[in-house]
Amino acid sequence: LAKTTQPISMDSYEGQEVNITCSHNNIATNDYITWYQQFPSQGPRFIIQGYKTKVTNEVASLFIPADRKSSTLSLPRVSLSDTAVYYCLVGGADNAGNMLTFGGGTRLMVKP
Amino acid sequence: DTEVTQTPKHLVMGMTNKKSLKCEQHMGHRAMYWYKQKAKKPPELMFVYSYEKLSINESVPSRFSPECPNSSLLNLHLHALQPEDSALYLCASSQDFLPLYEQYFGPGTRLTVT
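Basis of the calculations
Residues numbered from 1 in each chain as written. Chains lettered and ligands numbered in written order. Predicted model: local features only at pLDDT ≥ 70, side-chain atom pairs only at ≥ 80, totals over all residues. Heavy atoms only, no water. Disulfide = S-S within 2.5 Å. Helix = DSSP H or I, 4+ residues; strand = E, 2+ residues; numbered from the N terminus. Contact = heavy atoms within 4.5 Å. Buried area = accessible area lost by both parts, 1.4 Å probe. Salt bridge = Lys/Arg side-chain N within 4 Å of Asp/Glu carboxyl O. Nonpolar A, V, L, I, M, F, W, Y, C, P; charged D, E, K, R; others polar.

Draft legend 1. Summary view of the state of the cysteines. Evaluated as defined, the whole model comprises two disulfides over all chains. The disulfide partner of A:Cys22 is A:Cys88, and the S-S distance across this bridge is 2.2 Å. On the sign convention where negative is left-handed, the bridge of A:Cys22 and A:Cys88, at about -80 degrees about the S-S bond, is left-handed. Of the two residues, A:Cys22 sits in strand S2 (residues 18-23) while A:Cys88 sits in strand S8 (residues 84-92), which places them 66 residues apart along the sequence. B:Cys68 carries a free sulfur, and the closest cysteine sulfur to it, the one in B:Cys91, is 9.3 Å from it.

Draft legend 2. Region of the structure containing the interface of chain B and chain A. Each partner contributes residues to the interface: chain B has 23 residues there, and chain A has 22 residues. On the chain B side of the interface with chain A, the three residues burying the most area are B:Leu100, B:Tyr101 and B:Phe105, jointly 31% of the side's total. Where chain B meets chain A, there are zero salt bridges. At the level of secondary structure, the elements contributing two or more residues to the side of chain B that touches chain A comprise strand S4 (31-37), strand S5 (44-50) and strand S9 (87-94) of chain B. Per-element accounting of the side of chain B that touches chain A gives the leading share, three residues, to S4(B). Of the residues that constitute the side of chain B that touches chain A, the class distribution is 16 nonpolar, three polar and four charged.

Encoded structure:
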């Protein structure tokens, strides 16, 4: 199973770009990389998903190098409301197990 | 409608009580999930239903009993819980179980066992 490793916590300031990296050395050929955001006392919310190269949506960008052993979630110009826990999950196509296993996540604190 | 609803939002129950948590989605999703989340910990999978059949039970104690009456509804029946079962209980759904791409989570039920 592809295990993910993320920094436990990060601090940033309003208006800065934040990059959170996730390592997944054992990613399988058919695995996707998915990121969720969770605010306190709420359910996780899907942010972005990708397979390779770069994916961008209205909220974030996801950068995946050619070897796919890591990925970086990029949040442009963060605000206080981006303070949350961010989870990286790997799997999906034919291995649901990893997509159901949340690692420790990265606790992002955005300061004024 | 891309919403998963959960009721109640908060529940306080004694160790001898029987209660139920309810989850509903109207997105036509065929897979539904129960997770348990303790404070400052990640969500932990409890059960997976796919096409209204129980697909995964993560060795959850029998005092938790899931039920999927139809494709839109998921219940979690609680009986003789322990104080350590106090947690946020999250329901989620996805279009399918395999492949699994995105889960939609409800806001959760905050359960306190006294």
